[in-house]
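Structural characterization, general
Given next are the chains, with one letter for each unit.
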Amino acid sequence: MRGTGKLATSVQGYEPKNRIFAQNFSTAYKMSIKKRTKIREVLISSKFGSEFTLKGWVKTRRGSKKIAFIALNDGSTINNIQIVADITDFPEDLLRQVTTGACISVTGTLTPSMGSGQDVEIKATKIELYGPADPGSYPLQKKGHSLEFLREIAHLRPRTNTFGAILRLRHAMSYAIHKYFNDNGFYYLHTPIITGSDAEGAGEMFRVTTLDMMNPPKNGEGQIDYREDFFGRETNLTVSGQLEGELGALALSDIYTFGPTFRAENSNTPRHLAEFWMIEPEMAFYDINDNMDLAEDFLKYLVVYALENYFEDLQFLNNMYDKDLLSRLNSVINSDFVRITYTEAIDILNTSGVKFEFPTNWGSDLQSEHERYLVEKHFKKAVIITGYPKKIKPFYMKQNEDGKTVRAMDVLFPRIGEIVGGSQREENMQKLESRITELNLPRKDLWWYLDTRRFGSAPHAGFGLGFERMMLFITGMGNIRDVIPFPRTPNNAEF
RNA sequence: UCCUCCUUAGCUCAGUUGGUUAGAGCAUCUGACUGUUAAUCAGAGGGUCCUAGGUUCAAGUCCUAGAGGGGGAGCCA
C-alpha cells in the first residue's frame, strides 16, 4: 500500500498511524470543539425548522408587551441575528435582564423573517443569561459613540460594530501576510525582541533591565554598571528586526519577520505608536527593482485579500467613516505605483509653483507636505521614491556609483504617507565599513553583521511595512490608535 | 517636544456683547403599543459647566496656570 497515496484502512501489515494522519490531515481534520453555531453560519443557512444554539452579546432589544426582538452578535460577522421571543414563553425577570451588552445563550428554530431587515431569524425556545449588563452603568449604547470616547473604554470597544470590523480585518491582514510569504517560498524568522545593540539608529529605545532602580550598581566612574544586569550588558527593546533578518536571508534566501517593535520617541500623532507591529521581508539576490516589485505586489495582494474575504466589514467602514474607502482600495489594485527617483521628486516639487514651508533643495529630506503633494496632488496614486542622498539614510543602504545616493526606497500612499521603507543593502565589506566609520557607529557591536559580508556576501534587499499604517489604509481609519486593540502611546498604557 | 483648538447630563452637543432657576437629542427609569429594524408615543429622574487661582455687583462665558483630549508639525513605520 505504501506509495499509493490511498488511505490504508485495511492493511494487513503495520502502517504507522501518524503517516495516515499526515497524508489526510488537511481534509480529514475537523474542529471537534463545537458547542454552538456561529452567527456568521446561521445567517447564510437555509435549514429552516432546524434547531440552533447561538451565544453572544445583545446589541439591542426592542418590542412590545407580547413580543421581543433581540439583535445578537458574537463577533463572527458584522451582522446581527434577530432573535424573536414570545414574551409569554419566558420568565419576566429573565427578559428584563436581556439588555444591551448582556451575554446570553439562545436556542431556537431558524425561520424566514417576517420583517424586512433580514432574511432569517431565530424563534427562541430557550434563553440562558450568562452575564447581565446593568443598563444604567454599561457605557456602550446602541447609538453614536465618538472614537475618542471609545479609546477611553478600550476594554469594551471590541464589542462595537466598528471595532469588530477592524479587529476582524486586523486578523485578516495578519493571516494574508503569512499566507503571501508562505505561498511564495519565504520563511518566517523570529528576530529577537530584546536587543543588545542600538546600532539600528531608529530612534529612542526602551531599556530592559532587572537592576534595582533605587540603588543600581556603579562602576569606578560612577556610571551604572550594566555588567551586573541580567544580560551582562545594556539591553533594549527592538526597534527593528532588519539586521537579524539579513542574517536569515543570507542563509534561507527569502525570509520575513512579523512582530512587535518599540520606539520610545515622544511622538504624539495619529500615525505613531510606541508599540507597533512591523513586517520586514529580506531577500537574497534581490536588487532595488526586485524589492520594489515585491513591495507593490505584496501591498496589492493584501488589499485584494481584504476585498475578497472581508467585504462586509469594509463596506461598513466605508458607509460609517470613509465614503471613499472602497474606491481608494480599488484604485490601488488597479493602477501601477509610480516610480521616481529622489532627484526627480525634487524637480517636480521645485517646478510645482507651490510654496512649501520646508526647503526643497537637493539633499534635504522630503517632509510630509512634500510627500503629500507628490501622492495626492501631482500623481494622485501610490508613489515609490528611490535614490535618496546617502547622508539622510542609514549606513546599511547600498551606495550608488555616483557616490552621492543610495538604493533606498519609500512607498508613499495617499492619506498615510510613508507606508514602506526599504533598500537594497550594501553587501560590499569595504564600503559598509567606511560608512560605519564615517557615521561613527559602534563597530564592535556590529561584528556579527559584518561577518555576513566577510563570508559569502550576496546582493540582497528588504523593506519594512508598518502593520498599523497598512491597517489605516485598509480600514480608512484616521487615527492609528483605532487600528490596534490596546494602543501604547506617550502617557497611555492603561489596558 | 513645538503650534493650535477643545473640555457643559451616561453619550453627542447647544448655551447670544458676562446677567433670573444651565438646555436639546439619544441613553436610563415608569407607562402605552400584536412584527420591531439606531422601533414609536407619553411622562420622570439625571449637572463639582475639567482643576486651581484671579477680574467683576455678577463668570459655563473674561484672564493666568495646570490636567486630559483632538488636529497640524518634527521624529519615523
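Residues numbered from 1 in each chain as written. Chains lettered and ligands numbered in written order. Predicted model: local features only at pLDDT ≥ 70, side-chain atom pairs only at ≥ 80, totals over all residues. Heavy atoms only, no water.

Here we take up the overall build of chain A. A tally of regular secondary structure across chain A gives 15 helices and 16 strands. Seen along its three principal axes, the alpha-carbon backbone of chain A occupies a region of about 85 × 75 × 60 Å. In chain A, which comprises 495 residues, the share counted as buried stands at 47%. Taking the contacts inside chain A whose residues are at least 6 apart along the sequence as the reference set, 66% of them involve residues at least 24 apart. As presented, chain A carries roughly 25,800 Å² of accessible surface, and 51% of it is formed by carbon and sulfur atoms. A gap of 6 Å separates the mean positions of the 60 positive and 62 negative side-chain charges of chain A. (Helix = DSSP H or I, 4+ residues; strand = E, 2+ residues; numbered from the N terminus. Buried < 20%, exposed > 50% of the residue type's maximum accessible area, 1.4 Å probe, protein only. Contact = heavy atoms within 4.5 Å. Areas by Shrake-Rupley, 256 points an atom, 1.4 Å probe, with all protein chains shown as cover. Lys, Arg positive; Asp, Glu negative; His and termini not counted. Charge placed at Lys NZ, Arg CZ, Asp CG, Glu CD.)

Attention now goes to helix α7 (residues 242–252). Of all the positions in α7, only Gln 242, Leu 243, Glu 244, Gly 245, Glu 246, Gly 248 and Ala 249 are classed as buried. Tucked inside the fold, the buried residues of α7 contact β7 (194–195), β10 (254–262), β11 (275–284), α14 (447–454) and β16 (460–466). At the exit of α7 stands Ser 253, carrying a positive phi of roughly 75°.

With that out of the way, let us pick up the pattern of salt bridges. Enumeration according to the criterion identifies 27 salt bridges in this entry. Across the pair Glu 468 and Arg 170 runs a salt bridge, and its minimum N-O distance is 3.0 Å. With Glu 468 in helix α15 (residues 467–475) and Arg 170 in helix α6 (residues 161–183), this residue pair connects regions lying 298 residues apart in the sequence. (Salt bridge = Lys/Arg side-chain N within 4 Å of Asp/Glu carboxyl O.)

Membership of the largest hydrophobic core comes to 66 residues, with the highest contact counts inside it found for Met 173 and Phe 413. Counting residues per element, this core draws most heavily on helix α8 (residues 288–309), which supplies 11 residues. Setting aside residues up to four positions removed in sequence, Met 173 forms contacts with Leu 302, Tyr 305, Ala 306, Phe 467, Met 471 and Ile 474. Ile 385, Tyr 396, Leu 412 and Ile 436 belong to the second largest nonpolar core, which has 28 residues in total. (Core = buried A, V, L, I, M, F, W, Y, C linked by side-chain atoms within 4.5 Å.)

The next subject is unusual backbone geometry. Generally, phi is negative for residues other than glycine and the peptide bonds are trans, each holding for most cases. Backbone geometry at Lys 380 places phi at a positive 60°, although glycine is not the residue there. Looking at where Lys 380 falls in the secondary structure, it is placed in the loop between α12 (368–379) and β13 (383–389). Of note in this structure, Asn 491 is not a glycine but carries a positive phi near 70°. Mapped onto the fold, Asn 491 is located in the segment after α15. In this structure Asn 491 comes out as exposed when scored by relative accessible area, which is 87%.

Bringing the confidence of the model for chain A into the picture now. Of the residues in chain A, 92% reach a pLDDT of 70 or more, and the chain-wide mean stands at 90. Averaged over each element, pLDDT in chain A is lowest for helix α1 (residues 17–23) (45) and highest for strand β6 (residues 187–188) (98). (pLDDT = per-residue confidence, 0-100.)

Another aspect to go through is the protein's contact with RNA strand B. By nearness alone, 51 residues border RNA strand B, and Gln 82, Thr 269, His 272, Arg 372 and Arg 469 come closest of all. For RNA strand B, the backbone makes up 50% of the atoms found within 4 Å of the protein, where backbone means sugar plus phosphate. The contact in question runs from a base nitrogen of RNA strand B to an N or O atom on the backbone of Gly 63, over 3.3 Å. Elements supplying a minimum of two residues to the surface near RNA strand B: β1 (51–63), β2 (67–73), α5 (147–152), β11, α12, β15 (417–424) and β16. (Near = heavy atom within 4 Å. Polar contact = N/O pair within 3.5 Å; in protein donor to acceptor, adjacent residues only side chain to side chain.)

Packing of α6 against α15 brings their axes to within 10 Å, and their N-to-C directions diverge by 120°. Considering their axes alone, α6 and α15 lie oblique with respect to each other. Both α6 and α15 take part in a crossing whose hand is right-handed. Residues Ile 166, Leu 169, Arg 170, Met 173, Ser 174 and Ile 177 of α6 form the contact with α15, whose own contacting residues are Phe 467, Glu 468, Met 471, Ile 474 and Thr 475. Residues that form the contact of α6 with α15 fall into these classes: 7 nonpolar, 2 polar and 2 charged. (Axes fitted to C-alpha atoms, helices over the stretch in contact; angles between N-to-C directions. Parallel < 35°, antiparallel > 145°, perpendicular 65-115°, else oblique. Left-handed = near helix turned anticlockwise from the far one by under 90°. Nonpolar A, V, L, I, M, F, W, Y, C, P; charged D, E, K, R; others polar.)

The sheet built from 3 strands is open, its strands ordered β7-β9-β8 with antiparallel pairing. A strand with exactly one partner marks an edge of an open sheet, and here the two such strands are β7 and β8 (207–208). Here β7 runs beside strand β9 (residues 235–237); their pairing, made up of 2 bridges, is antiparallel. Residue pairing in the sheet places Thr 195 in a bridge with Asn 236 of β9. (Pairing = 2+ DSSP bridges.)

Bringing the environment of Glu 312 into the picture now. Turning to its location among the elements, Glu 312 is positioned in helix α9 (residues 311–320). As for Glu 312 and Ala 124, which are separated by 188 residues in sequence, their C-alpha atoms are 27 Å apart. Once you skip the residues sitting within four places of it in the chain, Glu 312 turns out to touch Thr 77, Ile 78 and Asn 79. Only 3.1 Å separates the side chain of Glu 312 from the side chain of Asn 79, close enough to count as a polar contact.

Right, let's talk about the sheet that holds strand β3 (residues 81–86) for a bit. Read around the closed barrel, 5 strands run β1-β2-β3-β5-β4, paired in mixed fashion. Sheet twist, expressed as the average angle between the axes of neighbouring strands with direction ignored, equals 55°. Sheet analysis places strand β4 (residues 103–112) next to strand β5 (residues 120–131), joined by 10 bridges and oriented antiparallel. Each residue of the ladder has a partner; that of Thr 111, found in β5, is Glu 121.

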